[in-house]
Amino acid sequence: MEFEHGPNAADRKELAPLLKLVLELGPLVLFFFANARGEALAERFPLLASIGDPIFLATAVFMVAISASLIVSYALTRRLPVMPVVSGVVVLVFGALTLWLHDELFIKLKPTIVNVLFGTVLLGGLFFGKSLLGYVFDSVFRLDDEGWRKLTFRWGVFFFFLALVNEVVWRSFSTDFWVSFKVFGVMPITIAFTLSQLPLIQRHTLDGERDAGGKDTRQ
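This one's a predicted model, so the numbers in the text were calculated from it and none came from an experiment.

Student: Explanation requested: the side chain of Ser73 in the structure shown.
Tutor: Structurally, the position occupied by Ser73 is in helix α4 (residues 54-77). Given a relative accessible area of 11%, Ser73 falls into the buried group. In this structure Ser73 touches Leu15, Leu23, Arg78, Arg79 and Leu80, once residues within four positions along its chain are discounted.

Student: What am I meant to see in a nonpolar patch on the surface here?
Tutor: On the surface, Leu18, Leu19, Leu21, Val22, Val72 and Leu76 cluster together into a nonpolar patch covering about 510 Å² of accessible area. Elements with a contribution of two residues or more to the nonpolar patch: α1 (17-36) and α4. Here the element with the most residues in the nonpolar patch is α1; it accounts for four residues. Locating Leu21 in the fold gives a position in helix α1.

Student: What exactly am I supposed to notice about the nonpolar core here?
Tutor: As a rule of thumb, soluble globular proteins bury nonpolar side chains together. The biggest cluster of nonpolar side chains holds 18 residues, and the ones touching the most others in it are Leu122, Leu133, Leu151 and Trp155. Secondary-structure elements contributing two or more residues to this core are α5 (82-101), α6 (105-127), α7 (133-137), α8 (145-172) and α11 (198-204). Examining the composition of this core, we find that six residues originate from one element, α8, more than from any other.

Student: What should I look at first to understand the pattern of salt bridges in this one?
Tutor: Summed over all chains, the structure comprises three salt bridges. One salt bridge in this structure joins Glu167 and Arg171, with 2.8 Å as the shortest N-O distance. Here Glu167 and its partner Arg171 are both found in helix α8, four residues apart, which amounts to about one turn of the helix.

Student: Just checking my understanding: could you explain the confidence of the model for the chain for this structure?
Tutor: A low pLDDT score tells you not to read the predicted coordinates there in detail. Model confidence for the chain is summarised by a mean pLDDT of 84, while 87% of its residues fall at 70 or above. No element of the chain has a lower mean pLDDT than α7, at 74, and none a higher one than α8, at 95. pLDDT under 50 marks residues 1-10. Its contacts with residues more than four places away, or in other chains, come to 24 contacts. Considering only residues more than four positions removed or in separate chains, one finds that residues 209-219, a stretch of pLDDT under 50, has 13 contacts.

Conventions used here
Residues numbered from 1 in each chain as written. Predicted model: local features only at pLDDT ≥ 70, side-chain atom pairs only at ≥ 80, totals over all residues. Heavy atoms only, no water. Helix = DSSP H or I, 4+ residues; strand = E, 2+ residues; numbered from the N terminus. Buried < 20%, exposed > 50% of the residue type's maximum accessible area, 1.4 Å probe, protein only. Contact = heavy atoms within 4.5 Å. Patch = residues over 30% accessible without salt bridge, like charges linked within 9 Å, V, L, I, M, F, W, Y side chains within 5 Å. Areas by Shrake-Rupley, 256 points an atom, 1.4 Å probe, with all protein chains shown as cover. Salt bridge = Lys/Arg side-chain N within 4 Å of Asp/Glu carboxyl O. Core = buried A, V, L, I, M, F, W, Y, C linked by side-chain atoms within 4.5 Å. pLDDT = per-residue confidence, 0-100.

Now the structure itself:
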């Protein structure tokens, strides 16, 4: 399978790496900051005190920040990758439930729901003979069939691992620890896992002169 996300993948606009990082990590950083400094912010801005404990203020900030991130991303590229959109929708739904019911359980469940969803989509797709990883990550990789199958399986399992880790952390530790782990724990784990997949990607990347079946396409 020679996969490029969409017929015009080669011509689509791409965000600068630094800006993309800011848009992806910015909402999480603001979530951490609002939770860590919630009481101080409520003292300075009394209106914020009506929202409740720091975790509820952080949830509201997270919802606004992730919405702004998606809007900026779409304004600059005229498209929205699947994963940020799905994650953003779940944040808004579970964040709204958190604030409405005043129960932090819902925002804590958000990572579990998102990771189980993506893991199910990837492994379920493999069960039906489809490697859907490129659609999930808006990928521009060009891998052969075996490469996509292996990479899709590994990421599917990894998503379930992240869901399990989230469940263990929020059930076993304080809310402040969970927020810190969400920002400073999950990201390094994900980066390390991603880097560990580079040898697989390199082995199965199509060189531009051979098709997925290994036949020479040069004239």
